[in-house]
Amino acid sequence: MNSEARHADDAVLVTATDCSPDCARTLIDFLERAFPGEVTEEKEPPTGDHAGHPTVWSTTIDAGRPAAQTGPVTLDGTVRVGVQGGPRAVDRILFALSEAFTVEAKGTVAGDQEREVELLLSSA
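Within any chain, residue numbers begin from 1 and follow the written order of that chain's sequence. Reporting of local features is limited, given that this is a predicted model, to residues whose pLDDT is at least 70; pairs of side-chain atoms are given and counted only at 80 or more, and all residues count toward the totals for whole chains, interfaces and linings. Values reported for side chains reflect all heavy atoms of the structure, with hydrogen atoms and water molecules removed beforehand.

S.K.: Help me understand the packing of helix α2 (residues 21–34) against helix α3 (residues 87–100), please; the structure alone is not making it clear to me.
M.R.: Axis angle and axis distance: for two packed helices, these are the angle between their axes and the distance between the axes, and together they describe the pair. For every element, the axis is a line fit to its C-alpha atoms; helices are fit only across the contacting stretch, and the angle between N-to-C directions ranges from 0 to 180 degrees. Numbering of helices and strands starts at the N terminus; helices are DSSP runs of H or I of at least 4 residues and strands are runs of E of at least 2. In the contact formed by α2 and α3, the axes pass within 11 Å of each other and the chain directions differ by 120 degrees. For α2 against α3, the interelement crossing comes out right-handed. Of α3, the residues touching α2 (which contributes L27, F30 and L31) are I93, A96, L97 and A100. Here the residues of the contact of α2 with α3 are counted per class, giving 7 nonpolar, no polar and no charged. Each crossing is labelled by how the near helix is turned from the far one, with a counterclockwise turn of less than a right angle marking it left-handed and a clockwise turn marking it right-handed. Residue contacts are defined here by distance: any two heavy atoms, one from each residue, within 4.5 Å place the two residues in contact. Only Asp, Glu, Lys and Arg are considered charged, only Ala, Val, Leu, Ile, Met, Phe, Trp, Tyr, Cys and Pro nonpolar, and every remaining residue, Gly among them, polar.

S.K.: How should I be thinking about the packing of aromatic side chains in this particular structure?
M.R.: The description of an aromatic ring pair uses the distance of the two centres, along with the angle that the planes make with each other. Any pair of Phe, Tyr and Trp rings, taking the six-membered ring for Trp, is counted once the centres come within 6.5 Å. Such a pair is stacked with planes under 30 degrees apart, edge-to-face with planes over 60 apart, and tilted for the rest. Evaluation of the coordinates by the stated rule reveals 1 aromatic pair. With a centroid separation of 5.3 Å and 80 degrees between ring planes, the pair formed by F30 and F101 is classed as edge-to-face. Here F101 lies in strand β5 (residues 101–110) and F30 lies in helix α2, a separation of 71 residues in the sequence. With respect to class, F30 is no different from F101; both count as buried. The cut-offs for exposure are 20% and 50% of the maximum accessible area for each residue type, with area from a 1.4 Å probe on protein chains only; residues under the lower value are buried, those over the upper are exposed, and the others partly exposed.

S.K.: Explain the pairing of strand β3 (residues 57–62) to me, please; I cannot follow it from the model alone.
M.R.: In summary, the side chains of a regular strand alternate between the two faces of the sheet. The side-chain alternation of β3 yields one buried face, formed by W57, T59 and I61, and one unburied face, formed by S58, T60 and D62. As judged from the 6 bridges shared by strand β1 (residues 11–17) and β3, these two strands associate in the antiparallel manner. Bridge assignment links L13 to a residue of β3, and that residue is T60. Pairing between strands requires that DSSP locate at least two bridges from one strand to the other.

S.K.: Can you walk me through the pairing of strand β4 (residues 79–85) in this structure?
M.R.: Most of β4 sits out of view: 5 of its 7 residues are buried. In the sheet, β1 pairs with β4 via 6 bridges, with the strands oriented antiparallel. Bridging from a neighbouring strand, T17 pairs with R80 of β4.

S.K.: Would you take a moment to explain the environment of A124 for this structure?
M.R.: Here A124 lies in the segment after β6 (115–123). For A124, a relative accessible area of 68% gives the class exposed. If sequence neighbours within four positions are ignored, A124 has contacts with P72, V73, A100, F101 and T102.

S.K.: How should I be thinking about the pattern of salt bridges in this particular structure?
M.R.: Two side chains bearing opposite charge may form a pair once their charged atoms approach each other closely. Salt-bridge detection follows one rule: a side-chain nitrogen of Lys or Arg within 4 Å of a carboxyl oxygen of Asp or Glu. Counted according to the given criterion, the structure contains 5 salt bridges. Among the ionic pairs, R115 bridges to D91, the shortest N-O distance being 2.2 Å. Here the residue R115 occupies a position in strand β6, and D91 occupies one in helix α3, the gap between them amounting to 24 residues. The exposure class of R115 is partly exposed, given its relative accessible area of 21%.

Treat this as a map of the structure, not an account of what it does.
As structure tokens, then:
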């Protein structure tokens, strides 16, 4: 398997919705610490009045290796999180999230090559 194919299997798209910009930033910062390396994200959460308009923050994480230990993380509310990617990489993200947050599963869709999970996160 070449490195491009391996990287594609390790890439996990993580989205955060139904939360404050601070909660989204806390989640993205956690993921950057847990999976150091190449991370693609929106650097600054949008500012301004978004009342009544859905906002989605997203980042792509390289979960080719198990997560680094980070400890519990405090959120000032809940975050609805979508996790989508290869099954092993998604499992690594889910394990890391469960170590740092209280996680409530909201749904799972499994395909041949990809898995998608919806979660609700709150402080542990």
